[in-house]
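Remarks on the overall topology
Read off the chains here:
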Amino acid sequence: MAKTYWIVVLVLISLTGFTRTDNVPITETWQEKLVKKLLSNYDPDVRPAEDYNVTNITLKMTFVRVELDEDKYVFSAYGILQVDWTDDKLKWNPAQYGNLDVIRTNPDSVWRPDLVLYNNARGSDNLHYGKTNVLIYHNGKVLWVPPTDYHSFCELNLRLWPFDYQTCFLKIGSWTYDGFKLNLTASENPEIDISVPNNEWSIRKVTTDRNIVYYKCCTEPYIDIQYNITLQRHTSTHKAIVISPAFVIMLLSLSVFWLPPHCGEKIVLNAVIILIVTIFLIYFAQQLPAMSGNTPLIVNFFSTTLYLVAISTITSVIVLRLARTRHFQPPSRVLKSQLDGCLGSVLGVSSGSGTLPSDEDKEASGGENIGDPKQRDWLRVATLIDRLIFVIYLIIYIISIIYYSL
Ligand SMILES: *[C@@H]1O[C@H](CO)[C@@H](O)[C@H](O)[C@H]1NC(C)=O
Ligand SMILES: *[C@@H]1O[C@H](CO)[C@@H](O)[C@H](O)[C@H]1NC(C)=O
Ligand SMILES: *[C@@H]1O[C@H](CO)[C@@H](O)[C@H](O)[C@H]1NC(C)=O
């Protein structure tokens, strides 16, 4: 009995022994061995070079999406930054490690340059980089390609709104190392690979500058990389919303002067134009950030038009009064000479011209005055004023169009 018991136990032990040798857990891989060897004695907080040696760092930026917050003056750039450098402590001979020539590992386990955005708009939050793995090559080259998320302050100039370009910049450099320790260089042409287009802004141009700054205190240079990004606003909607109404308002305010001088609808038409212009000014106040200086030209145009239409209303009142009241005196000699002279004939109000208000119109202004030469002359004076101001306004508008389109 006891014998069979022992046999069973022995068989069981040998069986489990067999199964254990079948599923033998893999011993250390080459990668583990290598990482243990490279990183067991490694301090990721200390630059892996002698203090007098320089670490060369190259940057290559790819822009994936840009945004501009016009109210807060914040420019956001999302992209991918490719950083590489050489770490003398992370070298090995691939032949000794099963021909392993690259390993990928947690970025926190190796030293990385402290690259920050100098013109950061997020205050003390300067964690711009995603925590993606680093690649370490056997010759000590380290490659780190984190997704980045930069937010910088950007000075806006809305003078040409909505046809404006804005130039924002990103200034990237080491926060603590000077140029003798970290030698930053950037590839000339950053890539632009817009995957999700912004429907208001597109990138027009990106330039790269490598600035070397010497401060008064010290002899060492400080190096930073500056990307200037020129953004262009997409204007098709704004064209429809802003530019066409501006033309219509211009034409309407000019057409007021072609109503007959005794016609009270002049005032009504002007009031309608003033209302439209006011609505536009309110729209601009809501669309545009409050600015000091650099008022957009289009806003200047609308507020100037408001003044012009107000003046035109006042002259309409004067013209109406001249045309409608009954006069007992003829216009003064100076006025009369203007009417019949050069000015009158250029503006089409000299006595011979056929463009004067018809008898029917005059009837409306006071039937009993038909044929009264005094009344007729006063009507001509009113028409003269209307046409004179029409010409002045036309010139103002043409000049402002030329000025705006330059
Ligand atoms: C570090 O600097 C010393 C002295 O300038 C130089 O001889 C040495 O080659 C440098 N080492 C590296 C890895 O560049
Ligand atoms: C910095 O890097 C650039 C380009 O790699 C090189 O031309 C320059 O000599 C380096 N400067 C120093 C101080 O190592
Ligand atoms: C980038 O912008 C800065 C001003 O912010 C200017 O001094 C510099 O010349 C610009 N660089 C290029 C290449 O246009």
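Figured I'd write up the structure that's included with this text. Keep in mind the model is a prediction, meaning the values are calculated, not measured. (Residues numbered from 1 in each chain as written. Chains lettered and ligands numbered in written order. Predicted model: local features only at pLDDT ≥ 70, side-chain atom pairs only at ≥ 80, totals over all residues. Heavy atoms only, no water.)

For the protein chain, the count of helices and strands is 9 helices and 12 strands. When burial is assessed residue by residue, the protein chain has 39% of its 406 residues classed as buried. Considering only residue pairs separated by 6 or more positions, the protein chain has 76% of its internal contacts joining residues 24 or more positions apart. Summed over its atoms, the accessible surface of the protein chain is roughly 23,100 Å², and 60% of this surface lies on carbon and sulfur atoms. (Helix = DSSP H or I, 4+ residues; strand = E, 2+ residues; numbered from the N terminus. Buried < 20%, exposed > 50% of the residue type's maximum accessible area, 1.4 Å probe, protein only. Contact = heavy atoms within 4.5 Å. Areas by Shrake-Rupley, 256 points an atom, 1.4 Å probe, with all protein chains shown as cover.)

Once that is clear, we can look at the site of ligand 2. Taken together, Val54, Asn56, Asn183 and Thr185 are the residues near ligand 2. Within the contact set of ligand 2, an oxygen atom lies 2.3 Å away from a side-chain nitrogen or oxygen of Asn183. In terms of residue class, the shell around ligand 2 is built from 1 nonpolar, 3 polar and no charged. (Near = heavy atom within 4 Å. Polar contact = N/O pair within 3.5 Å; in protein donor to acceptor, adjacent residues only side chain to side chain. Nonpolar A, V, L, I, M, F, W, Y, C, P; charged D, E, K, R; others polar.)

This part covers the site of ligand 1. The environment of ligand 1 is made up of Tyr52, Asn53 and Asp88. Protein contacts shield 30% of the accessible area of ligand 1, which totals 360 Å² for the unbound molecule.

For the pair helix H6 (residues 333-340) and helix H9 (residues 373-405), interaxial distance at closest approach is 10 Å and the crossing angle is 70°. Between H6 and H9, the crossing angle belongs to the class labelled roughly perpendicular. Crossing angle aside, the handedness with which H6 passes H9 is left-handed. On H9, the residues touching Leu335, Lys336, Leu339 and Asp340 of H6 are Asp377, Trp378, Arg380, Val381 and Leu384. Counted by class, the contact of H6 with H9 contains 5 nonpolar, no polar and 4 charged residues. (Axes fitted to C-alpha atoms, helices over the stretch in contact; angles between N-to-C directions. Parallel < 35°, antiparallel > 145°, perpendicular 65-115°, else oblique. Left-handed = near helix turned anticlockwise from the far one by under 90°.)

Take the packing of helix H5 (residues 297-324) against H9 next. Their axes nearest at 10 Å, the elements H5 and H9 cross at an angle of 175°. Between H5 and H9, the angle is such that the two are roughly antiparallel. Here the contact of H5 with H9 is built from residues that sort into 19 nonpolar, 5 polar and 1 charged.

What follows concerns the state of the cysteines. Working definition of a disulfide: a covalent bond connecting the sulfur atoms of two cysteines. On inspection of all chains with the given rule, the structure shows 2 disulfides. Disulfide pairing is shown between Cys154 and Cys168; the S-S distance is 2.0 Å. Classification of the bridge connecting Cys154 and Cys168 rests on its S-S torsion, roughly -85°, and on that basis the disulfide is left-handed. Residue Cys154 is found in the loop between strand E7 (147-153) and strand E8 (165-174), and its partner Cys168 is found in strand E8; the two are separated by 14 residues along the sequence. The residues Cys154 and Cys168 share a single accessibility class, namely buried. Assigning the bonded cysteines of the protein chain consecutive numbers by sequence position, one obtains the connectivity 1-2, 3-4. (Disulfide = S-S within 2.5 Å.)

So, on to the packing of aromatic side chains. Throughout the structure, instances matching the rule amount to 20 aromatic pairs. Between Tyr283 and Phe284, the ring centres sit 5.8 Å apart and the planes meet at 55°, which makes this aromatic pair tilted. Overall, Phe284 belongs to the buried group, its relative accessible area being 2%. Between Tyr393 and Tyr397, the aromatic rings sit 6.4 Å apart at their centres with planes inclined by 85°, giving edge-to-face as the arrangement. Of the two residues, Tyr393 and Tyr397 both sit in helix H9, 4 residues apart, roughly one turn of that helix. (Phe/Tyr/Trp six-rings, centres within 6.5 Å; stacked < 30°, edge-to-face > 60°.)

Per the stated rule, a full pass over the model turns up 13 salt bridges. Residue Glu70 is joined to Arg233 by a salt bridge in which the shortest nitrogen-to-oxygen separation is 3.1 Å. Of the two residues, Glu70 is situated in the loop between strand E1 (55-69) and strand E2 (74-91) and Arg233 in strand E12 (residues 221-233); the sequence distance between them amounts to 163 residues. The buried category is assigned to Glu70, whose relative accessible area is 14%. By relative accessible area, which is 4% here, Arg233 ends up buried. Notably, a salt bridge pairs Asp108 with Arg112, separated by 2.8 Å at the nearest N-O pair. Here Arg112 falls in the partly exposed class, since its relative accessible area comes to 25%. Through salt bridges with shared partners, one network takes in Glu70, Asp164, Glu200 and Arg233. (Salt bridge = Lys/Arg side-chain N within 4 Å of Asp/Glu carboxyl O.)

So, about the side chain of Ser312. By secondary structure assignment, the location of Ser312 is in helix H5. When its relative accessible area of 1% is taken as the criterion, Ser312 is described as buried. Those residues in contact with Ser312 that lie beyond four places of it in its chain are Val256, Phe257, Asn270 and Tyr393.

Attention now goes to the pairing of strand E11 (residues 201-214). Regular strands show a simple pattern: their side chains alternate between the two faces of the sheet. Of the strand pairs in this sheet, E11 and E12 are connected by 13 bridges, and their pairing is antiparallel. Considered in E12, the bridge of Ile203 is made with Leu231. Following E11, the chain reverses through 6 residues before pairing antiparallel with E12. (Pairing = 2+ DSSP bridges.)

A few words on the environment of Arg380. With respect to the helices, strands and loops of the structure, Arg380 is situated in helix H9. The spatial distance from the C-alpha of Arg380 to the C-alpha of Pro331 is 9.8 Å, given a sequence separation of 49 residues.

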